[in-house]
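Listed here are the chains, written in short residue letters.
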Amino acid sequence: HGVLAVWWCGPVRARSVALSFDDGYRNNQEMAAPVLARHGFHATIFLVTGLVGSDRLLWPDTLYQAIAAGEGTLDTGSLGLGTLSLATEAEKAQTFERCTDRLKSLPVADKVRALQWLLARLPEPGPPGPFQLLNWVDVEALQATGHFSFGAHTTRHDILSRLDDRQVDEEVRVSQREVTAHTGQESAVFAYPNGRGCDFDDRARRAVTRHGMRWALATISGLNHRGTDPLALRRIAVGAQTPLDRFKLQVAGAGRFLGL
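Residues numbered from 1 in each chain as written. Predicted model: local features only at pLDDT ≥ 70, side-chain atom pairs only at ≥ 80, totals over all residues. Heavy atoms only, no water.

*Asks:* Before we go on, may I ask you to explain the environment of Val 172 in this structure?
*Replies:* Structurally, Val 172 is set in helix H7 (residues 165-183). The class for Val 172 is buried, based on a relative accessible area of 0%. Between the alpha carbons of Val 172 and Met 213 there is a distance of 9.9 Å; along the sequence they are 41 residues apart. Ignoring sequence-local partners within four residues, the contact set of Val 172 consists of Leu 160, Phe 190, Ala 207, Val 208, His 211 and Met 213. (Helix = DSSP H or I, 4+ residues; strand = E, 2+ residues; numbered from the N terminus. Buried < 20%, exposed > 50% of the residue type's maximum accessible area, 1.4 Å probe, protein only. Contact = heavy atoms within 4.5 Å.)

Written out as structure tokens, the structure reads:
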């Protein structure tokens, strides 16, 4: 978050960027850390603090693994998506996308029940693999490299706009407290789970500022400027399937003209 502090106080060097990783996967240590060290870069990892050091996975990752191991068809029950195919890899990917999109739209209690329905009709997920999360020893080791800082990303990764007022405040407060307790540094930046415009609201913004944070990251695509809402900062998402040319256009600021 150093670049944010400099940016808000005065001019920054042209083409400055802030790198961040959401959720706190173990591969941040195994794959990203050596690259950052080689190039002298710094990044912030936003931790789902209730899952750090546990054997549990984020629920979309659990569902992904179960669907990947499935065969035949999947009855979606109360999700109302009918019976979906698991016959091919492409159909599994489509089934996963449709189920997760619908689950994310539900209140948390309904999401949990629907997810349990789906998982009961799928094979038991295998080992965590690339979805394994960091533990607090890993966090300490990454912090010691000087290339990483850490921020709060709630305790359970529930979408904040789906929670009641008390839960919103608790998710922000507790995750911030746990990051501070384990790193000894109080981050001024929060990252909203999922991060679309519909996934956080004024209650979440107030909770972020109430607990001492100055900035919050969304996943709304785009570049930031001085007029950008500091509690809804934009980002450019980079995934395994992101073409390099597309990424170059986005960081150059051409994405908004090309619909990227």
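*Asks:* Explanation requested: the nonpolar core in the structure shown.
*Replies:* Proteins that are soluble and globular tend to have nonpolar side chains buried together. Counting residues in hydrophobic clusters, the biggest one holds 30 residues, and the most contacted among them are Leu 47, Phe 148, Phe 150, Phe 190, Tyr 192 and Val 208. Among the elements of the structure, helix H2 (27-39), strand E2 (43-47), helix H6 (136-144), strand E5 (148-152), H7, helix H8 (202-210) and strand E7 (215-221) are those that each provide at least two residues to this core. Residues within four places of Phe 190 in sequence aside, it is in contact with Phe 46, Ala 152, His 153, Thr 154, Leu 160, Val 172, Ser 175, Val 208, Met 213, Trp 215, Ala 216 and Leu 217. Residues Trp 59, Leu 63, Leu 79 and Leu 81 belong to the second largest nonpolar core, which totals 16 residues. (Core = buried A, V, L, I, M, F, W, Y, C linked by side-chain atoms within 4.5 Å.)

*Asks:* For this particular structure, what's the right way to read the packing of aromatic side chains?
*Replies:* The geometry of an aromatic ring pair is captured by the separation of the ring centres together with the interplanar angle, meaning the angle of the planes. Going through the model one piece at a time under the given rule, you end up with four aromatic pairs. Relative to Phe 131, the ring of Tyr 64 has its centre 5.7 Å away and its plane inclined at 70°; by these criteria the two rings are edge-to-face. Taken together, the residues span a long stretch of sequence, with Tyr 64 in helix H3 (residues 59-69) and Phe 131 in the loop between helix H5 (108-120) and H6 at a distance of 67 residues. Site record: aromatic cluster; members linked through ring pairs are Tyr 64, Phe 96 and Phe 131. It is Arg 121 that lies over the ring of Trp 117; its NZ or CZ is 3.2 Å from the centre. (Phe/Tyr/Trp six-rings, centres within 6.5 Å; stacked < 30°, edge-to-face > 60°. Lys NZ or Arg CZ within 6 Å of the ring centre and 35° of its normal.)

*Asks:* Would you explain the pairing of E7 in this entry?
*Replies:* Here is the key point about a regular strand: its side chains alternate between the two faces of the sheet. Across three bridges, the pairing between strand E6 (residues 189-191) and E7 is parallel. What sits directly across from Ala 191, in E7, is Leu 217. (Pairing = 2+ DSSP bridges.)

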